[in-house]
Amino acid sequence: MFILPKLPYDYAALEPTLSADTLRTHHDKHHKAYVEKTNELAKRAGLDGRSLEDVVRDAHRKADQKLFHNAAQAWNHAFFWLCMTPQPAAPSGPLKAAIDRAFGGVRGFKDAFVAEGVDHFGSGWVWLAAGSDGLKVISTHDADDTLIRDGLFPLLVCDLWEHAYYLDYKNDRKTFLERWTDMVANWAFAERQLAAANGAGEGFLYPEVAASETGAARRDAPGHGDRPPA
Ligand code: FE
């Protein structure tokens, strides 16, 4: 059974970039529905007790589209909440150096990230990810994510589904992405993910009931994502 992870901040904490109304609907309705459907479908598929990362990959491998879409959306949203913070700090250390190498600076990253998100047709996600040849910005359709892409380790993601921004920005996805990058992007989280991509820790894994109840180590499953070669 997968839980719906609590938001790591209050509903109103990201205002004015994102309203409490948007966060409440997005988390309490959309994300909750993906988690509930995943639990139902994973049980039916005999995947009880497996990590969500395993369920996503297994469903993708078996072309179980319904389970894949719900499980990947459950995972993507949990990751997305951590990619935002009410107290953003500029990128620093190895992350700043990697951004400079790949994009010529934070401004160059923002331009690439916003352009990728604006140009993305329909629903999906825009990612900053670490690959074997440095950082890159990619977008994925619907529920697709980096879990099913070899050699890409996610650092940041922004939700491009209209439910993520329509209440606050109507059809203005560009302004949403610009403000998101400037005002709430959680670079401290991205720095931890990059460290994990380089072998220090395993990076984000979807929380499980057992771990939060007992405080025990999460599990012995393989780490998230396929690490790019050092
Ligand atoms: Fe969403």
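What counts and how
- Counting from 1, residues in each chain are numbered in the order their sequence is written.
- Local features in a predicted model are, by the rule used here, given only for residues with pLDDT of at least 70; side-chain atom pairs are given and counted only at 80 or more, and totals for whole chains, interfaces and linings are based on all residues.
- Computation of side-chain values: all heavy atoms of the structure, hydrogens and water removed.
- Per the convention used, a helix needs a DSSP run of H or I reaching at least four residues, while a strand needs a run of E reaching at least two, with both numbered from the N terminus.
- Any pair of residues with heavy atoms lying within 4.5 Å of one another is described as a contacting pair.
- The nonpolar core is taken to be a set of buried Ala, Val, Leu, Ile, Met, Phe, Trp, Tyr and Cys residues, with the residues joined through side-chain atoms within 4.5 Å.
- Only protein chains enter the accessibility calculation, which uses a 1.4 Å probe. A residue is then buried if its area is under 20% of the maximum for its type, exposed if over 50%, and partly exposed in between.
- Every case where a carboxyl oxygen of Asp or Glu lies within 4 Å of a side-chain nitrogen of Lys or Arg is listed as a salt bridge.

Trainee: Help me understand the environment of Lys66 in this model?
Mentor: Of note, Lys66 is situated in helix 3 (residues 65–82). Spatially, the C-alpha atoms of Lys66 and Leu194 are 31 Å apart, while their sequence positions differ by 128 residues. Sequence-distant contacts of Lys66, that is, excluding residues within four places in its chain, are made with Lys37 and Leu41.

Trainee: Explain the nonpolar core here, please?
Mentor: In a soluble, globular protein the nonpolar side chains are often hidden away together inside. Leu52, Met84, Leu128, Leu135, Phe176, Trp180 and Trp187 are the most contacted members of the largest nonpolar core, which has 68 residues in total. Non-local contacts of Met84, meaning those with residues more than four positions away in its chain, are made with Tyr9, Leu14, Leu18, Trp180, Val184 and Asn186.

Trainee: Help me understand the pattern of salt bridges, please; the structure alone is not making it clear to me.
Mentor: A side chain of one charge can pair with a side chain of the opposite charge when the charged atoms of the two come close. This model, assessed by the stated rule, comprises 12 salt bridges. When the shortest N-O distance is used, the salt bridge between Lys37 and Glu40 registers 3.4 Å. On the criterion of helical spacing, the pair formed by Lys37 and Glu40 is a turn pair, its members being three residues apart in helix 1 (residues 20–44). A relative accessible area of 26% means that Lys37 is categorised as partly exposed.

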